[in-house]
There are 2 protein chains.
Amino acid sequence: MKGFDEIIARVNECAMKKVAVSVAQDDAVLEAVQEAKKRGIADAILVGDEAKIREIAASIQMDLSDFEIINEPDMIQASLTAVKLTHEGKADMYMKGLIDTKNFLKSVLDKEVGLRTGGPLSHVAVFDIPGVDRLLFLTDVAFITYPTLEDKVHIINNTLPVAKACGIDCPKVAPLAAVEVVNPKMPATVEAAELTRMNAEGEITGCIVDGPLSFDLAIDAEAAKHKAATDRKVQGDADIMLFPDIHAGNLMYKALVHVVPGVQNGCILTGTKVPVILTSRSDTFETKVNSIALAAVVAEEMRRNEVK
Amino acid sequence: MKGFDEIIARVNECAMKKVAVSVAQDDAVLEAVQEAKKRGIADAILVGDEAKIREIAASIQMDLSDFEIINEPDMIQASLTAVKLTHEGKADMYMKGLIDTKNFLKSVLDKEVGLRTGGPLSHVAVFDIPGVDRLLFLTDVAFITYPTLEDKVHIINNTLPVAKACGIDCPKVAPLAAVEVVNPKMPATVEAAELTRMNAEGEITGCIVDGPLSFDLAIDAEAAKHKAATDRKVQGDADIMLFPDIHAGNLMYKALVHVVPGVQNGCILTGTKVPVILTSRSDTFETKVNSIALAAVVAEEMRRNEVK
């Protein structure tokens, strides 16, 4: 078993997690929540316009008797109510429904009831690609536009618990670039080398960082062998793909989704108190369900660390 | 027939083209040249160390009686001799052999015998991706690192004859970004919009430019429909993918090559008097042969334009 099947198996081994849905009157989100419940991935608390939620549920043959509903027709209020449930530990993860991203993020960042931890948030897209023998963690393909070196450290640290939750205790991190050698005229390569140094000197821990790396050296052991990259700590076996900026990351993300047959993916926001699910309307049903599963396994990992 | 099969069919319809190989004592290059000859794609003039060329040819069962050989053991001299053959019209395209890229490019840019046209050179990678109903022209994934707006105009103009040579008279150009709307905080989107305006106002001709575009809107008609992008000139049917910088382009290029089953590609340098083939050792045999075919069809297109 590998990929999202393995993630779902992990989720099924833990106590059932609960997702608080912000403005739940969204057919695609309700379908995903229904499927997550059916597969034993998560329960849900639906916060939003109850009449509309019931109307949509009827249209998709969804049995609402299994779900707690909190009626709050005002979208902003609904988002604050939903995020507060996770803030208070009544739910384990927080999911965007029919609310625009800006207001959803406002609720995530709310100083009183939100999910701030102090550091910046970042996005991670987890991919199961046919022919690749492990999950790949792509970051940041959707949230931080032009990460500074400091941001990149935060992105790595935000991503480590996600990898750990998926069973990878000491992930290999590839700060990606067009080339695998430092070129002073290419800032992405200079920062990649600096991240590698910080890791070697114990400033970034819990992972192995080796960059700059071209995509082939990060992903393909044969290519690494061919290029005789024997002195590298990453030999085509990177887990975390750290992109130089959002253009590089997002173009790759969309390409993998749209041209690779049989690809599976799920995404969450990290750097928050609990995992945040921020799927877009263009994401498939399967991606939404995978994202809930990913959030659940990360929520379990976070809970275990709290207990320690 | 589509993709590189179609390109090779086009090549087979024209008079046989000839490639001048710079420092030809390279087993992978000789194998590709041999195959190109066999498939009727191109003849070759092999410039380099004749003894070594003969030695390698013997080891790969290559019959050299079909090829002209010019003995020049000195690498720099060999490159200048080879490029001069194309400069003088004795060969139709110029290919890198066992010479480092820096010195190879020096010969390309040589003021006396080189292939300068006045504008900057750029690289185009042509992809035939299973499930995509047309060829995709990715640029620039290997040569220009951080193109300015002016560079991007040159890149488009350099790529148009390549698309035309492949049968696309008025290609659709997608200046790519993480998002499909202009965001003043993302320079790539601002420049994409500016390229679109320049095209609309006749400053860039022979193509349809529409950007910024995310990868899904550039490549996937269903995604374009789903996002209700009905006001766009490109609706998932872009031919030329213009990348914001070399990191975005190169990471995508390597990902397509390494994770998409059955993908085919070929690459050339453009903006030169004749097409230049600059494959790397890590390129597959098939990619090298495809690159020769691509160069041949572009050489034919250039010849036709000269005749006009």
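This text goes with the structure placed above it.
So, here is what we can say about the structure in this document.

Here is what the cut-offs are and how they apply
- Residues numbered from 1 in each chain as written.
- Chains lettered and ligands numbered in written order.
- Predicted model: local features only at pLDDT ≥ 70, side-chain atom pairs only at ≥ 80, totals over all residues.
- Heavy atoms only, no water.
- Contact = heavy atoms within 4.5 Å.
- Buried area = accessible area lost by both parts, 1.4 Å probe.
- Salt bridge = Lys/Arg side-chain N within 4 Å of Asp/Glu carboxyl O.
- Polar contact = N/O pair within 3.5 Å; in protein donor to acceptor, adjacent residues only side chain to side chain.
- Helix = DSSP H or I, 4+ residues; strand = E, 2+ residues; numbered from the N terminus.
- Buried < 20%, exposed > 50% of the residue type's maximum accessible area, 1.4 Å probe, protein only.

Each side of the interface is counted separately: chain B has 38 residues, and chain A has 38 residues. Here chain B and chain A share an interface that buries about 2,800 Å² over both sides, 74% of which is from carbon and sulfur atoms. Of all residues in chain B, His247(B), Leu251(B) and Val259(B) bury the most surface against chain A, accounting for 23% of the area lost on that side. Where chain B meets chain A, there are two salt bridges. The salt bridge partner of Asp216(B) is Lys254(A), with a shortest N-O separation of 3.8 Å. Taken together, chain B and chain A are joined by four residue pairs in polar contact (both at pLDDT 80 or more). Only α7 (187–200), α8 (215–219), α9 (221–226) and α10 (246–259) of chain B provide two or more residues apiece to the side of chain B that touches chain A.

This structure, assessed with the given rule, holds 48 salt bridges over all chains. For Asp49(A), the salt bridge identified is with Lys52(A), shortest N-O distance 3.9 Å. Its relative accessible area of 14% is what places Asp49(A) among the buried residues. Overall, the relative accessible area of 45% leaves Lys52(A) in the partly exposed class. Among the ionic pairs, Glu35(B) bridges to Arg39(B), the shortest N-O distance being 2.8 Å. By relative accessible area, Glu35(B) is classed as buried at 14%. The exposure class assigned to Arg39(B) is partly exposed, which follows from its relative accessible area of 26%. Each of Lys17(A), Glu300(A), Arg303(A) and Arg304(A) takes part in a single network of salt bridges with overlapping partners.

The quantities given are spatial measurements derived from coordinates; they are silent on function.
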